[in-house]
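Summary of the model geometry
Below are the chains, spelled out letter by letter.
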Amino acid sequence: MVSEFTTRPARTGDVAAIKELVAPFAEDRVLMAKETVAYFEGVQEFRVAVDADKCVIGCGALHVMWEDLAEVRTLAAAPDWLGRGVGHVLLEELLTGARALGVSRVFCLTFEVDFFRRHGFEVMENQSAIDPVIYSELLRSHDEGVAEFLDLARVKPNTLGNTRMICTL
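Presented here is a report on the structure given in the accompanying data block. (Residues numbered from 1 in each chain as written. Predicted model: local features only at pLDDT ≥ 70, side-chain atom pairs only at ≥ 80, totals over all residues. Heavy atoms only, no water.)

**Quick word on the packing of aromatic side chains**
- Counted according to the given criterion, the structure contains four aromatic pairs.
- A centroid spacing of 6.0 Å and a plane angle of 85 degrees characterise the contact between Phe5 and Trp81, whose relative ring orientation is edge-to-face. One end of the pair, Phe5, is in strand E1 (residues 5-9); the other, Trp81, is in the loop between strand E4 (69-77) and helix H3 (86-101), with 76 residues separating them in the sequence. The same class applies to Phe5 and to Trp81, which are both buried.
- Between Phe116 and Phe121, the ring centres sit 5.1 Å apart and the planes meet at 80 degrees, which makes this aromatic pair edge-to-face. Of the two residues, Phe116 and Phe121, both sit in the buried class.
- Taken together through their ring pairs, the aromatic side chains of Phe115, Phe116 and Phe121 make up a single cluster.
- Over the ring of Trp81 we find Arg84, and its NZ or CZ is 3.9 Å from the ring centre. (Phe/Tyr/Trp six-rings, centres within 6.5 Å; stacked < 30°, edge-to-face > 60°. Helix = DSSP H or I, 4+ residues; strand = E, 2+ residues; numbered from the N terminus. Buried < 20%, exposed > 50% of the residue type's maximum accessible area, 1.4 Å probe, protein only. Lys NZ or Arg CZ within 6 Å of the ring centre and 35° of its normal.)

Laid out in structure tokens, this is it:
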């Protein structure tokens, strides 16, 4: 049977379903738990996959950190949809969106190293070369994803113990 689903930008009405989809992954410490308000604040960053009944079966977000840098966040598929292309399609759409925004590098934190490798990501052995002026600007961010990218001491070891990866577009 062919997996039938479509994708689209997330809407405010999808927030409860996104939070419900992410909850078991957060309980297993695979994804970060977020407050509902955080999903509403970032809803414009999300894409969702929906099945034929229009139920949310997958999600993923692209968070811009700097002119040339963004992070893939909260990429997840419902358990019944794992291995059926939901994550692949969502990630490809997020990377396409990054290119459209002018981003040239995309960062992620993941336990799914092989999945992201298949999409052009490489493990970050150390901090990528960043212009010192940009580095000092990024240090002003309160965003934990930026702290993870910069490999700051406050996030070491990183919150979940997952792998830092980056893709050059």
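Now, onward.
**A short note on helix H1 (residues 15-27)**
- Between the first and last C-alpha of H1 there are 18 Å, a value that for 13 residues agrees with the 18 Å anticipated at 1.5 Å per step.
- By the largest-angle criterion, Leu21 marks the main kink of H1, which is about 25 degrees, and a proline, Pro24, follows within four residues.
- Buried residues of H1: Val15, Ile18, Leu21, Val22, Phe25 and Ala26, and no others.
- Downstream of H1 by one or two residues, Arg29 has phi in the positive range, about 60 degrees. (Expected span 1.5 Å × (residues − 1). Bend = angle between axes of the 7 residues up to and from the residue.)

**Description of the nonpolar core**
- Within the largest apolar cluster, 41 residues are counted, with the highest numbers of intra-cluster contacts made by Val72, Phe116 and Phe121.
- If you list the elements that add at least two residues to this core, you get H1, strand E2 (46-51), strand E3 (56-66), E4, H3, strand E5 (105-110), helix H4 (113-117) and strand E7 (163-168).
- Counting residues per element, this core draws most heavily on H3, at six residues.
- Ranked by size, the runner-up nonpolar core spans five residues in total, among them Met65, Leu69, Phe107 and Ile166. (Core = buried A, V, L, I, M, F, W, Y, C linked by side-chain atoms within 4.5 Å.)

**Details of the pairing of E4**
- Of all nine residues in E4, nine are buried; the element is thus mostly enclosed.
- With antiparallel pairing between neighbouring strands as the criterion, E3 and E4 make up a hairpin whose turn holds two residues.
- This β-α-β element, E4 to H3 to E5, shows right-handed connectivity. (Pairing = 2+ DSSP bridges. Right-handed = clockwise from strand over helix to strand, strands pointing away.)

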